[in-house]
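Notes for the structure review
Here is how the chains run, residue by residue.
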Amino acid sequence: LSLDWNDVFGSQGYRLLVSSDSLFVTANVDTIITPSQFSVPPGRLNPTTTYFWKVRAYNIGGFGPFSTTWKFTTGLIGITQISTEIPSEFKLHNNYPNPFNPVTKIKFDIPNIKGNHAVYTKIIIYDLLGKQVSVIVKEKLQPGYYETEWDGTTYPSGLYLCRIIAGEFTSVKKMVLVK
């Protein structure tokens, strides 16, 4: 995510605030920077969350007033929620197609467990030797049915393992990449 604003004449830099609450009681990002744009580092924002941001310039005379507050909502990159229904159990489905060349779809289900709505979920791809080759999901996800893809273009033909870790749940499926 990149935030960009107009330069303020005579400024030496900017203070940027990004928060999930419009009053900025707690800030996900609070930084002093020189350019009039900022790329938010990975892991600082949650998916499917509304954020607010504002910026103010400074120079030798001090800080100016904050800008208007803008807002944006983050999405799930590379992950599609395919249904708003809530599954009754965790599940990692077999990828489709399998065997595949070079892209395959991976579906998985995240239920609502013990009133804890969001579950930190990772989907990791390993080669047959157990070496991690890719992490395709690393997000806190709300309950639902999801789908993502893995592109094996840069990997050799062979057997791969797809592992999901969601809360205390873990499951592994075999995938065959044929070129």
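Right above here is the structure, for reference.
Description of the structure in this document. The structure presented is a predicted model; accordingly, all values stated were derived computationally and were not measured. (Residues numbered from 1 in each chain as written. Predicted model: local features only at pLDDT ≥ 70, side-chain atom pairs only at ≥ 80, totals over all residues. Heavy atoms only, no water.)

1. Thoughts on the overall build of the chain
Across its full length, the chain holds 0 helices and 15 strands. The C-alpha atoms of the chain give 21 Å as radius of gyration, which overshoots the globular expectation for 179 residues (16 Å, by more than 25%). Expressed along its principal axes, the backbone C-alpha trace of the chain runs to roughly 65 × 40 × 25 Å. Counting only residues that meet the buried cut, the chain has 36% of its 179 residues in that class. A fraction of 58% describes how many contacts in the chain between residues 6 or more apart in sequence connect residues 24 or more apart. Accessible surface computed for the chain: about 10600 Å², of which carbon and sulfur atoms make up 52%. In the chain, which carries 17 positive and 13 negative side-chain charges, the distance between the mean positions of the two groups comes to 4 Å. (Helix = DSSP H or I, 4+ residues; strand = E, 2+ residues; numbered from the N terminus. Rg over C-alpha atoms; globule rule 2.2 N^0.38 Å. Buried < 20%, exposed > 50% of the residue type's maximum accessible area, 1.4 Å probe, protein only. Contact = heavy atoms within 4.5 Å. Areas by Shrake-Rupley, 256 points an atom, 1.4 Å probe, with all protein chains shown as cover. Lys, Arg positive; Asp, Glu negative; His and termini not counted. Charge placed at Lys NZ, Arg CZ, Asp CG, Glu CD.)

2. What about the sheet that holds strand E10 (residues 103–110)?
Strand order in this open sheet of 4 strands is E8-E13-E10-E9, and the pairing throughout is antiparallel. Unpaired on one side and paired on the other, strand E8 (79–83) and strand E9 (91–92) mark the two borders of the sheet. Note that E10 and strand E13 (residues 144–151) share 8 bridges and pair antiparallel. Paired with Thr104 across the strands is Trp150, a residue of E13. (Pairing = 2+ DSSP bridges.)

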